[in-house]
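One letter stands for each residue in the lines below.
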Amino acid sequence: MSIKSLQRTTLRDQCLDGLRSAITSGQLPAGHHLVETDLSAAFGVSRGTLREAMRRLEQEGLLVAGPRGQLRVREINEGEIGHLYQVRAALEVLAARSLCLHDDFTARMETLRECLQRLHEVQGDLGEQIEADLTFHRTLCELSGNPVLLSSWLALEGPIRITIMHAGLERALHNMSADRHDNLLDVIAQRDPAHIERVLVEHMDEAAQRLMRAMEAQCAG
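Residues numbered from 1 in each chain as written. Predicted model: local features only at pLDDT ≥ 70, side-chain atom pairs only at ≥ 80, totals over all residues. Heavy atoms only, no water.

Visitor: I'd like a rundown of the environment of L34, residues and numbers included.
Guide: Structurally, L34 can be placed in the loop between α1 (11–24) and α2 (36–43). Taking C-alpha positions, L34 is 30 Å from V122, a pair spaced 88 residues apart along the chain. (Helix = DSSP H or I, 4+ residues; strand = E, 2+ residues; numbered from the N terminus.)

In structure tokens:
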């Protein structure tokens, strides 16, 4: 395993970030059983520290326990992807429409533009691109000013991470491309609720369909 040992500071958080990144990028693929001895050695942490991180990832929906209690990376099927992206689209449409109602809309949009600029800057770096993409969408929900909406979106983040690499690297990079998000920002800036809903739903539906087609091809192969 090519995971690098961690520096001796805030080991639990570093271990958590390292595991989350390894799962999101596909280094630890869906269905993979986590072996504590191997992972604790790879990260250079105690098994106790590793277990704390694994419990957190189980809460986030990235890991699930098998019949004997051994944790493995969550698997997700085609139907779950469709449902996940439908709910995600509904939340982000509400977030964008709510954002448009704020008196400080211009300042909030500047925050979202900074997130998009970061996504442009990290194109081609898979790990950074994944985090920048998720940060853009998470920030959109934060800027809505609705804590219940944000909490609901955060509950989906773990499963969203599981889906990212399901369609392979090329499709994943396309789904997270900065160009696809330029259009979203432009539409939100127009403050037209109907247009926002149409474009955001199309954005999510396209990503979901690409993931589901890839899963169908894998099953057929």
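Visitor: Tell me about the environment of G31, and please be specific about residues and values.
Guide: Relative to the helices and strands, G31 resides in the loop between α1 and α2. The class for G31 is partly exposed, based on a relative accessible area of 22%. Separated by 42 residues in the primary sequence, G31 and V73 have C-alpha atoms spaced 5.0 Å apart. Not counting the four nearest positions on each side in its chain, G31 is found in contact with R72, V73, R74 and E75. (Buried < 20%, exposed > 50% of the residue type's maximum accessible area, 1.4 Å probe, protein only. Contact = heavy atoms within 4.5 Å.)

Visitor: Quick rundown of the domain arrangement of the protein? Include the residues and the values.
Guide: Domain boundaries in the protein define domain 1 (11–73) and domain 2 (78–220). On a C-alpha basis, the centroid separation for the pair domain 1 and domain 2 is 25 Å. Across the contact, 10 residues belong to domain 1 and nine residues belong to domain 2. A combined buried area of about 710 Å² lies between domain 1 and domain 2, and 71% of that area is made up of carbon and sulfur atoms. Per-residue buried area on domain 1 facing domain 2 is highest for T24, S25 and L62; these three make up 56% of the total on that side. (Domains from an automatic or database assignment. Buried area = accessible area lost by both parts, 1.4 Å probe.)

Visitor: Tell me about α1, and name the residues and values.
Guide: For α1, with 14 residues, the first-to-last C-alpha span of 20 Å sits near the 20 Å given by 1.5 Å per residue. Among the residues of α1, Q14, C15, L16, L19, R20, A22, I23 and T24 are the ones counted as buried. Where the residues of α1 are buried, they touch α2, α3 (47–60), β1 (63–65), β2 (71–73), α6 (126–143) and α7 (147–164). Phi turns positive one or two residues past the end of α1, at G26, with a value near 90°. (Expected span 1.5 Å × (residues − 1).)

Visitor: Please give an account of the nonpolar core that cites residues and values.
Guide: By size, the foremost hydrophobic cluster in this structure holds 69 residues, and its most contacted members are L19, Y85, L112 and I188. Two domains each put at least three residues into this core: domain 1 (11–73) and domain 2 (78–220). Here L19 is in contact with L28, L34, L39, F43, L50, A53, M54 and L57, once residues within four sequence places are set aside. (Core = buried A, V, L, I, M, F, W, Y, C linked by side-chain atoms within 4.5 Å.)

Visitor: Requested: an account of the packing of aromatic side chains, with residues and values cited.
Guide: Inspection of every chain in the model, using the stated rule, returns zero aromatic pairs. Positioned over the ring face of F105 is R191, at 4.0 Å from the centre of the ring. (Phe/Tyr/Trp six-rings, centres within 6.5 Å; stacked < 30°, edge-to-face > 60°. Lys NZ or Arg CZ within 6 Å of the ring centre and 35° of its normal.)

Visitor: An account of the pattern of salt bridges is requested, with residue identities and associated values reported.
Guide: Close approach of charged atoms lets side chains of opposite charge pair. One pass over the structure, following the stated rule, counts 19 salt bridges. Where E36 meets R47, a salt bridge forms, and the shortest distance between an N and an O atom there is 3.3 Å. Here E36, found in helix α2, pairs with R47, found in helix α3; they are 11 residues apart in sequence, far enough to count as distant. R161 is the salt-bridge partner of E157, the closest N and O atoms lying 3.3 Å from each other. Highlighted residues: E157 and R161, both in helix α7, separated by four residues, approximately one helical turn. With a relative accessible area of 4%, R161 lands in the buried category. Overlapping salt bridges, with partners in common, bring together D17, R20, R56 and E60 in one network. (Salt bridge = Lys/Arg side-chain N within 4 Å of Asp/Glu carboxyl O.)

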